[in-house]
Amino acid sequence: SELTPERQGAFCVGLESALRAGFAVLESGGSSLDAVVAAVLVLEDDPLFNAGRGSVLAANGEHELDASVMDGRDLRAGSVTGVRHVRNPVLLARLVMDRSPHVMLAGAGAEQFALELGLEPVRNDYFTTERRRMELQRMLRGEQQAGGEAVLGTVGAVALDSAGNLAAATSTGGMTGKKWGRVGDSPIIGAGTYAANDCCAVSATGHGEYFIRAAVAHEIASLMRYRGLDVRQAADEVVTKQLVRIGGSGGVIAIGRDGAIAMPFNSPGMLRGAMDSGG
């Protein structure tokens, strides 16, 4: 409801670019993990989206970025939270998974790990756009309530490859005006991101505190595993019922092991897209 047709069109161009980047990996026989990272990289570099360049500002006027990835083959995962100088947090999350014995690194430790592995740092103001600066000023003046496109936002991707492997990746700048050090659901495995070959891959967006409390991504997987729901039924149950009961706003993108796609949301809107061999 807040988007002009022109602005929505620009978002759709960005989404299509991300879809095509991810699908190009799958089409060439690449892995679902490489595909979701490729898609999220495009969105992190697009200043329209709340991830990477274009991320929202915390109350202190700084950017603190979160990201995570998960490989459905073996439940390996990597995530970072509170990074301030990493151009593409999704790449760092992938490196945490591939090049460390850990799942999550935070703040200065995550930044040091990025430097050790050769990721070139950027200034914190690299992520700033004039629109984000104005959004923070409006919020600090009390002119804007939480929940709108200007306040919440996440980018994510899920994929199923030709080998039957699932993967998910999520990246965000968090919430406009968030307190310094706040961590949302995006870097938390099982809340904002989850992938397992026996059921589904999920990436979430919305009011992260509620997604953490409901363990949204893992709950969808559990409903598929233990109640035998398909991915659409499971995602709808969590997003339109469980989250609503506790007051949580947002949605998910999810794909089942059979290739079925679910993209439910209980918020006023959620920009989303999907691509397969049919287009």
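To start, this report covers the structure provided alongside it.

Calculation notes
Residues numbered from 1 in each chain as written. Predicted model: local features only at pLDDT ≥ 70, side-chain atom pairs only at ≥ 80, totals over all residues. Heavy atoms only, no water. Buried < 20%, exposed > 50% of the residue type's maximum accessible area, 1.4 Å probe, protein only. Helix = DSSP H or I, 4+ residues; strand = E, 2+ residues; numbered from the N terminus. Pairing = 2+ DSSP bridges. Contact = heavy atoms within 4.5 Å. Axes fitted to C-alpha atoms, helices over the stretch in contact; angles between N-to-C directions. Parallel < 35°, antiparallel > 145°, perpendicular 65-115°, else oblique. Nonpolar A, V, L, I, M, F, W, Y, C, P; charged D, E, K, R; others polar. Arc of directions from axis to C-beta. Core = buried A, V, L, I, M, F, W, Y, C linked by side-chain atoms within 4.5 Å. Left-handed = near helix turned anticlockwise from the far one by under 90°.

1. Considerations on the pairing of strand S1 (residues 65-71)
Counting buried residues along S1, seven of its seven residues qualify, which places the element largely inside the surrounding structure. Sheet topology places S1 next to strand S2 (residues 76-83); six bridges connect them, and they run antiparallel. Residue leucine 65 lies in a different strand from S2, and its bridge partner there is valine 83. Joining the antiparallel neighbours S1 and S2 is a turn of four residues, in which leucine 75 adopts a positive phi near 65°. Two elements, S1 and strand S5 (residues 166-172), share six bridges in a ladder whose sense is antiparallel. From the neighbouring strand, valine 69 faces S5, where its bridge partner is alanine 169.

2. Notes on the environment of glycine 54
Inspection of the secondary structure puts glycine 54 in the loop between helix H2 (32-45) and S1. For the pair formed by glycine 54 and leucine 43, sequence separation is 11 residues and the distance between their alpha carbons is 9.6 Å. Discounting chain neighbours no more than four positions away, the residues touching glycine 54 are Pro47, Phe49, Phe127, Thr129 and Arg132.

3. Observations concerning the environment of alanine 77
With respect to the secondary-structure elements, alanine 77 resides in strand S2. Separated by 18 residues in sequence, alanine 77 and leucine 95 have C-alpha atoms that sit 9.9 Å apart. Excluding its chain neighbours within four sequence positions, the residues that come into contact with alanine 77 are Val69, Met70, Met97, His102, Val103 and Ile189.

4. Regarding the side chain of glutamate 237
If you trace the backbone, glutamate 237 turns up in helix H8 (residues 231-246). A relative accessible area of 14% places glutamate 237 in the buried class. The contact partners of glutamate 237, leaving out residues within four places of it in the chain, are Leu223, Gln242 and Arg245.

5. Topic: the packing of helix H3 (residues 89-99) against helix H4 (residues 107-116)
Interhelical geometry of H3 versus H4 gives an angle of 80° and a closest axis separation of 11 Å. Relative to H4, the element H3 is oriented roughly perpendicular. Of the residues in H4, those touching H3 at Leu92, Leu95, Val96 and Arg99 are Ala110, Phe113 and Ala114. Within the contact of H3 with H4, the residues separate by chemical class into six nonpolar, no polar and one charged.

6. Things to note about H4
For H4, the set of buried residues is Ala110, Glu111, Phe113 and Ala114. Looking straight down H4, one finds its buried side chains confined to an arc of 160°; they lie on one side. Seen from the open side of H4, the exposed residues pointing more than 90 degrees away from its buried face are Ala108 and Glu116. Elements that come into contact with the buried residues of H4 comprise S2, H3 and strand S3 (104-106). Count one or two residues on from H4 and you reach glycine 118, which has phi positive near 90°.

7. Digging into the nonpolar core
Val36, Phe49, Val69, Val80, Val83 and Leu92 are the most contacted members of the largest nonpolar core, which has 40 residues in total. At eight residues, the largest contribution of residues to this core is made by H2. With residues near it in sequence (within four places) discarded, valine 69 still touches Leu33, Val37, Arg76, Ala77, Gly78, Val90, Ala93, Arg94, Met97, Ala168, Ala169 and Ile189. Counting 33 residues, the second largest nonpolar core, distinct from the first, contains Leu166, Val202, Ala234 and Ala262.

8. Topic: the packing of helix H7 (residues 216-226) against H8
One can describe the packing of H7 onto H8 by two numbers: an axis separation of 9 Å at closest approach and a directional angle of 130°. Accordingly, the angle class assigned to the pair H7 and H8 is oblique. Note on packing geometry: the crossing formed by H7 with H8 is right-handed. On the side of H7, the interface is formed by Val216, Glu219, Ile220, Leu223 and Met224, while H8 contributes Val231, Ala234, Ala235, Glu237, Val238, Gln242 and Leu243.

9. Structural notes on the sheet that holds strand S8 (residues 250-256)
Spatial strand order, S6-S7-S8-S9: four strands in an open sheet with antiparallel pairing. Each edge of the sheet is formed by a strand with only one pairing partner; in this case those strands are strand S6 (193-196) and strand S9 (261-262). Alignment of strand S7 (residues 200-206) against S8, held across seven bridges, turns out to be antiparallel. Its bridge partner lying in S8, serine 203 is registered against isoleucine 253. Lying over the sheet, H7 contacts S6, S7 and S8, oriented at roughly 30° with respect to S6.

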